[in-house]
Amino acid sequence: MFLLNPHDYSLPHPDEKSKELILKTIGFFEKKGKRKIKEDEQKRTWYRDFLDFVKEEKLFATFLTPPKYGEEGARWDTWRNLSICEILGFYGLPYWYTWQVSILGLGPIWMSENEVPKRRAAELLQEGAIFAFGLSEKEHGADIYSTDMALTPKGEGNYVANGSKYYIGNGNEAPMVSTFGKMTDSGDYVFFAANYQNEHYECVKNTVSSQNFVSEFRLTDYPITEEDILSKGDRAWDSALNTVNIGKYNLGWASIGMCTHAMYEAVRHAAGRRLYGMAVTDFPHVKRLFTDAYSRLTAMKLFALRAADYMRVASPEDRRYLLYNPVVKMKVTTQGEEVMNLMWDVIAAKGFEKDMFFEMAAKDIRALPKLEGTVHVNIALIVKFMQNYLFNPGTYEPVERQNEARNDDFLFDQGPARGLSKIQFHDYTPAFDKFDVPNVKIFKEQIDVFKKMLYVATPDDKQRKDIDFLLNLGEIFTLIVYGQLICENAPIYDIDADHVDQMFDCFVRDFSKFALELQSKPSSTEKQQELCMKMIRKPAVDVERYQRIWENHVYPLKDAYELHE
């Protein structure tokens, strides 16, 4: 089974310790049960029991420590980390969140050239500590150009830090908060580590009403020494962006986990409910809504898995991951919202009930497109790659599935965070050519018209500065990238032609929707409008294929998994 089923965990891992820890993590939540998970969420209970489990099993220590600093089996391995991301999302976003912000907090530490904080972080991981990433501020958000956090030299390698940070997860209990600021003497950027236990560190409040602690904290004449400095100047700036490059990928997996659990619950409820003398799942519109949701969820997972392969083969000469990661962040998370909406249209009021996992997921799924840069910020990043992706491909060796047990060294040595427009990509057309199915063919025709529009009706300077126009252009481009990696990955995971055709049934409709929106923009030219209308296509209808997906894959989810009370 391709979707995660905790009762039959099947994602392959090359070493027993990894699988053992993953199964223990599943076991922790299965033992805890839905009633207690929901009760803790409703009472906004700090997840001490989970953090005790993390400490006892050395979960974060094993999965988030590079081999040089950890015990046997420790490594930063994107393949097994994505499994933890998906599983924690499956049982509840708060558990994923404390893991996620620890990853962000550790990024500038493992990227540092200072061995002292690295050794300290490794010791703290062994003790079960959590970490935090002090980047955003109340007045500036994630606009790191404008940071007000100030580090003032006091001589002989001593400094004092003054300023505040906002929206900082784990800021209530992180003994190392990787904090971004500026030097008052030179104006250079700087990262340093602060400790929540220091008397000069004030945890002002939790900014959200949640199990998570998303803190505002303030430093007042906080003493810093050279041993606390993680990086300065360009290296600090690059550490901030490169850490986000790592962390934003994980948001897609939280969406995948939540949607998977919610889907089991929604299909089971609908299949067991009768209205007007028939099962809810016998209504044609219900079958369509669930089949769309299932197809979109399958696509989300295929894309996110494939993006991991490119993260793991990345190098200074191969930076394709810098496109694929923001697509995971932007596209997978917004597709997660769409999946939840489709299922909610079926289960309706049931989705509000306090004892349903669905109720929790329906609220939390909204957060993910808005973290680590909004959808708009990530689309603005994505369009920087469009010219080379569509018109100037490079040559690369084929990338196989990257599930080896190895540390992903390059993630902490990504180099300067610039030169994005120079990055090349392999030719996207062979991925689509693998599939002789109707909706992939229609999708390819839509791509051809889109490329023609860019060539013969190229957006002018004014349109390129029109963010509203550019964002919609980016939606279409993102969909092309999304479809490519899904086609690459489907054979690797034995996803059959029926599934691919059904997924592209959704994508053809999405392409048409975005084309219509682009056509309707106030600044679109007559020629652009004409070509946009040619992108609008109806998917190929195949009733037998649709019925096979429903009967063999979607409807059986009703009996596949249930979290006990």
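As a reminder, the structure under discussion sits directly above these lines.
Only a predicted model underlies this, so the values are computations on that prediction, with no experimental measurement involved.

1. Some words on the overall build of the protein chain
In step 1: Looking only at helices and strands, the protein chain has 19 helices and 10 strands in total.
In step 2: For 565 residues, the compact-globule estimate of 2.2 N^0.38 gives 24 Å, and the protein chain sits close to it at 24 Å.
In step 3: Each principal axis of the C-alpha atoms in the protein chain carries an extent, and together these give about 75 × 60 × 40 Å.
In step 4: Residue burial in the protein chain is summarised as follows: out of 565 residues, 61% are buried.

2. Remarks on the packing of aromatic side chains
In step 1: In total, this model carries 45 aromatic pairs according to the counting rule given.
In step 2: With centroids separated by 4.8 Å and ring planes inclined at 55 degrees, the aromatic side chains of Tyr310 and Tyr324 adopt a geometry described as tilted. Here Tyr310 is found in helix H8 (residues 284–312), whereas its partner Tyr324 is found in helix H9 (residues 321–347), with 14 residues between them in sequence.
In step 3: In this structure Tyr310 comes out as buried when scored by relative accessible area, which is 2%.

3. Regarding the side chain of Arg306
In step 1: As for its position among the elements, Arg306 is in helix H8.
In step 2: Note on Arg306: relative accessible area 4%, which makes it buried.
In step 3: A distance of 2.9 Å separates the side chain of Arg306 from the side chain of Asp309, its partner in a polar contact.
In step 4: Every residue in contact with Arg306, bar those within four places of it in the chain, is listed here: Val399, Glu400, Leu485, Glu488, Asn489 and Ile492.

4. Description of the pattern of salt bridges
In step 1: Tallied over the full model, the rule gives 52 salt bridges.
In step 2: Among the salt bridges present, the one from Glu115 reaches Lys68, with a minimum N-O distance of 3.9 Å. Taken together, the residues Glu115 in helix H6 (residues 115–126) and Lys68 in the loop between helix H3 (59–64) and helix H4 (78–91) connect sequence positions 47 residues apart.
In step 3: Residues Glu115 and Lys118 are paired through a salt bridge, measuring 3.8 Å at the closest nitrogen-oxygen approach. Of this pair, Glu115 and Lys118 both sit in helix H6, 3 residues apart, roughly one helical turn.
In step 4: Glu115 gets classed as partly exposed once you look at its relative accessible area, which sits at 29%.
In step 5: Overlapping salt bridges bring together Asp15, Arg75, Asp77, Arg312, Glu404, Arg406 and Asp408 as one network.

5. Remarks on unusual backbone geometry
In step 1: Even without glycine at this site, Arg44 takes up a positive phi of about 55 degrees.
In step 2: Counting through the fold element by element, Arg44 comes out in the loop between helix H1 (16–42) and helix H2 (48–57).
In step 3: With a phi close to 50 degrees, Ala348 is a non-glycine residue in the positive phi region.
In step 4: As for its position among the elements, Ala348 is in the loop between H9 and helix H10 (357–364).

6. Comments concerning the nonpolar core
In step 1: With 184 residues, the main nonpolar core has Phe50 and Phe450 as its most contacted residues.
In step 2: With 18 residues, helix H7 (residues 233–271) is the single largest residue contributor to this core.
In step 3: Look past the residues within four positions of Phe50 in its chain and what remains in contact with it is Phe28, Phe29, Phe60, Leu88, Tyr95 and Thr98.
In step 4: One finds Met149, Val177, Ile224 and Ile229 within the second-largest nonpolar core, a separate group that totals 18 residues.

7. Considerations on H9
In step 1: With 27 residues, H9 extends 37 Å from end C-alpha to end C-alpha; this agrees with the ideal 39 Å at 1.5 Å per step.
In step 2: In the structure, H9 departs most strongly from a straight axis at Val328, where the bend amounts to approximately 30 degrees.
In step 3: Here H9 lies mainly inside the structure; 22 of its 27 residues are buried.
In step 4: Positive backbone phi, approximately 50 degrees, marks Ala348, located one or two places after H9.

8. Regarding a nonpolar patch on the surface
In step 1: On the surface, Phe391, Tyr455 and Val456 cluster together to form a nonpolar patch covering roughly 330 Å² of accessible area.
In step 2: On the secondary structure map, Phe391 appears in helix H12 (residues 386–391).
In step 3: Taking the relative accessible area as the measure of exposure, Phe391 reaches 32% and is therefore partly exposed.

9. What to know about the packing of H1 against H2
In step 1: At a closest axis distance of 11 Å, the pairing of H1 and H2 adopts a crossing angle of 170 degrees. Accordingly, the angle class assigned to the pair H1 and H2 is roughly antiparallel. For the element pair H1 and H2, the recorded crossing hand is right-handed. From H1, Leu21, Lys24, Thr25, Phe28, Phe29, Lys32 and Asp40 reach across to H2, where they touch Asp49, Phe50, Phe53 and Glu57.
In step 2: Each residue belonging to the contact of H1 with H2 can be placed in one class, and the counts come to 5 nonpolar, 1 polar and 5 charged.

10. Re the environment of Val214
In step 1: Within the secondary structure, Val214 is located in strand E7 (residues 214–225).
In step 2: Distance in space between the C-alpha atoms of Val214 and Cys506 is 36 Å, their sequence separation being 292 residues.
In step 3: Once you skip the residues sitting within four places of it in the chain, Val214 turns out to touch Tyr97, Tyr167, Ile168, Gly169, Lys205, Asn206, Thr207 and Val208.

11. So, H10
In step 1: Within H10, 7 of the 8 residues are buried, leaving the element largely enclosed by the surrounding structure.
In step 2: Turning to H10, its buried residues are Phe357, Phe358, Glu359, Met360, Ala361, Ala362 and Asp364.
In step 3: Elements that come into contact with the buried residues of H10 comprise H1, H4, helix H5 (93–110), H7 and H9.

12. Things to note about the pairing of strand E3 (residues 158–169)
In step 1: Relative to E3, strand E2 (residues 150–155) is paired through 5 bridges, and the arrangement is antiparallel. Note that in E3 the partner of Gly155 across the bridge is Asn158.
In step 2: Between the end of E2 and the start of E3, which pair antiparallel, lie 2 residues, with Glu156 showing a positive phi angle near 55 degrees.
In step 3: Note that E3 and E7 share 9 bridges and pair antiparallel. Bridge pairing in E7 places Tyr159 opposite Ile224.

13. Considering the environment of Arg235
In step 1: One can find Arg235 in helix H7.
In step 2: In the structure, Arg235 is positioned 181 residues away from Pro416 in sequence and 7.8 Å away in space, judged by C-alpha atoms.
In step 3: When residues no more than four places from it in sequence are discounted, the contact partners of Arg235 are Met111 and Glu113.

Calculation rules
- Residues numbered from 1 in each chain as written.
- Predicted model: local features only at pLDDT ≥ 70, side-chain atom pairs only at ≥ 80, totals over all residues.
- Heavy atoms only, no water.
- Helix = DSSP H or I, 4+ residues; strand = E, 2+ residues; numbered from the N terminus.
- Rg over C-alpha atoms; globule rule 2.2 N^0.38 Å.
- Buried < 20%, exposed > 50% of the residue type's maximum accessible area, 1.4 Å probe, protein only.
- Phe/Tyr/Trp six-rings, centres within 6.5 Å; stacked < 30°, edge-to-face > 60°.
- Polar contact = N/O pair within 3.5 Å; in protein donor to acceptor, adjacent residues only side chain to side chain.
- Contact = heavy atoms within 4.5 Å.
- Salt bridge = Lys/Arg side-chain N within 4 Å of Asp/Glu carboxyl O.
- Core = buried A, V, L, I, M, F, W, Y, C linked by side-chain atoms within 4.5 Å.
- Expected span 1.5 Å × (residues − 1).
- Bend = angle between axes of the 7 residues up to and from the residue.
- Patch = residues over 30% accessible without salt bridge, like charges linked within 9 Å, V, L, I, M, F, W, Y side chains within 5 Å.
- Areas by Shrake-Rupley, 256 points an atom, 1.4 Å probe, with all protein chains shown as cover.
- Axes fitted to C-alpha atoms, helices over the stretch in contact; angles between N-to-C directions.
- Parallel < 35°, antiparallel > 145°, perpendicular 65-115°, else oblique.
- Left-handed = near helix turned anticlockwise from the far one by under 90°.
- Nonpolar A, V, L, I, M, F, W, Y, C, P; charged D, E, K, R; others polar.
- Pairing = 2+ DSSP bridges.

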